[in-house]
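Observations on chain architecture
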Amino acid sequence: MSAWNLQAELTALKEAALYRQPRALDASGGPRVFCSNDYLGLAQHPRVREALALAAQVEGVGSSGAHLVTGHRVLHDRLAVALARWTGRERALTFSTGYMANIGVLQALVGRGDAVFSDQFNHASLIDGARLSRATVVPYRHNDLEDLERHLKTVRARRRLIVTDAVFSMDGDLAPLRELAEVAARHDAWLMVDDAHGIGVLGKDGAGTLSSLALSAAQAPVLVGTLGKALGTFGAFVAGSAELIEYLVQRARSYMFTTAPPPALAAATLASLELVRNEPERRAHLQRLVARFRDGAQALGLPLMPSATPIQPLWVGEAETALVQSRALERAGFLVTAIRPPTVPKGGARLRITLSAAHSAQDVDDLLEALAKLDLP
Ligand SMILES: *Cc1c(COP(=O)(O)O)cnc(C)c1O
């Protein structure tokens, strides 16, 4: 058989219930969505939409160049300053996406002769970034400080970087960041934290998981946040010392060699950041929904996972089962994606339910009622 028989592989994926297809959703109707990352319900907010439209009238759509050539605008600077102030860091640098931020930062900070110590459940973009960096990649068991420290004691390297999600994207649990910072300090390593799911949701003013633990730039030098989740827009940023940011401007290839994001997008994010900071009731409502969901699910005996965040997966196991249940939920009017390998380990398929401040208590109760009718393990 030819090595180019792609159809055979596609068929095999279908047979293993691992085939994926993008699903076109209609913003104005359709099933109630319980799997988006729009945790605060800001993606549709009138003020954010208006900021985008108004800025586009003035700035146009495309930035027309890379940041270091012709693409950089005052709006980009204003956003970076606001993000740095919000997260309590000296400076911030925006990237087109979180994926590109992680790839760019890792490849800028480490290379041959260095080592990246990476939680086994880290996001794909961290895994890919570590690989691309050409540093030695040392995976450690999920949230296992002893395993991490064992590796730190044995692996010799010039620079050592510990990398972790703050809120694990498929499980919703938190990394032990305070302890990780202590381990890093003991071993002259740096800690890089990807707070894609904590930014906007956790901490004072929604400034993220690091802020909720009062971890400084000395303790956690590299903070990555994304703008396409709780902030409801698009893009990402890295926050840290002025020195770090200056270094990234010189070295992060995914910052240097790509078109700067549309300036109007920065205006939209500035508007959504205002809402995130000034409307703490969104976070309070979201936390109440999380508690309501967990109480209800517990009462029903559903396979909850240990998560206190808006990511509330139900453990299913087999990919095929997760798919069948996701389809049953959709027939009942709820969109909950089945998360299957390779996003999660083999045999670890789940229904990744996420809650949003856009949901009502009634929405959560209705979802629980639909879940009660499923045949979950
Ligand atoms: C979503 C996500 C990213 C990627 O961010 P994008 O802006 O969507 O590219 C990176 N890290 C984690 C943990 C994420 O969940």
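Figured I'd write up the structure that's included with this text. A quick note: this is a predicted structure, and the numbers were derived from the prediction, not measured.

Focus: unusual backbone geometry
The omega torsion across P341 and P342 is 10°, close enough to zero to call that bond cis. You will see that D188, though not glycine, has its phi angle at about 55°, which is positive. Within the secondary structure, D188 sits in the loop between helix 8 (177-186) and strand 6 (190-194). Assessed through its relative accessible area of 69%, D188 is described here as exposed. With phi around 55°, A214 is a residue other than glycine that occupies positive phi space. Along the chain, the position of A214 falls in the loop between helix 9 (209-212) and strand 7 (222-226). Using a relative accessible area of 65% as the deciding quantity, one classes A214 as exposed.

Considering the sheet that holds strand 2 (residues 91-95)
With mixed pairing, the seven strands of this open sheet are ordered in space as 2-8-7-6-5-3-4. Each of the sheet's edge strands pairs with one partner strand only, and the pair in question is strand 2 and strand 4 (136-140). Between one strand axis and the next, the sheet turns through 20° on average, direction left out of account. Across four bridges, strand 7 lies against strand 8 (residues 236-240) in antiparallel orientation. In the strand pairing of strand 8, T226 is matched with A236.

Concerning the pattern of salt bridges
Tallied over the entire structure, the rule returns 15 salt bridges. D147 is paired through a salt bridge with R150; the nearest N and O atoms lie 2.9 Å apart. Here the residue D147 and the residue R150 both occupy positions in helix 7 (residues 145-154), the gap between them amounting to three residues, near one helical turn. Overall, the relative accessible area of 5% leaves D147 in the buried class. As a salt-bridge pair, D365 and R292 come within 2.8 Å of each other at their nearest N and O atoms. Taken together, the positions of D365 in helix 15 (residues 361-372) and R292 in helix 13 (residues 280-300) put the pair 73 residues apart, joining distant regions of the chain. Residue class for D365 comes out partly exposed when judged on its relative accessible area of 26%. Residue R292 is classed as partly exposed on the basis of its relative accessible area, which comes to 39%.

Reading guide: rules and limits
Residues numbered from 1 in each chain as written. Predicted model: local features only at pLDDT ≥ 70, side-chain atom pairs only at ≥ 80, totals over all residues. Heavy atoms only, no water. Helix = DSSP H or I, 4+ residues; strand = E, 2+ residues; numbered from the N terminus. Buried < 20%, exposed > 50% of the residue type's maximum accessible area, 1.4 Å probe, protein only. Pairing = 2+ DSSP bridges. Axes fitted to C-alpha atoms, helices over the stretch in contact; angles between N-to-C directions. Salt bridge = Lys/Arg side-chain N within 4 Å of Asp/Glu carboxyl O.

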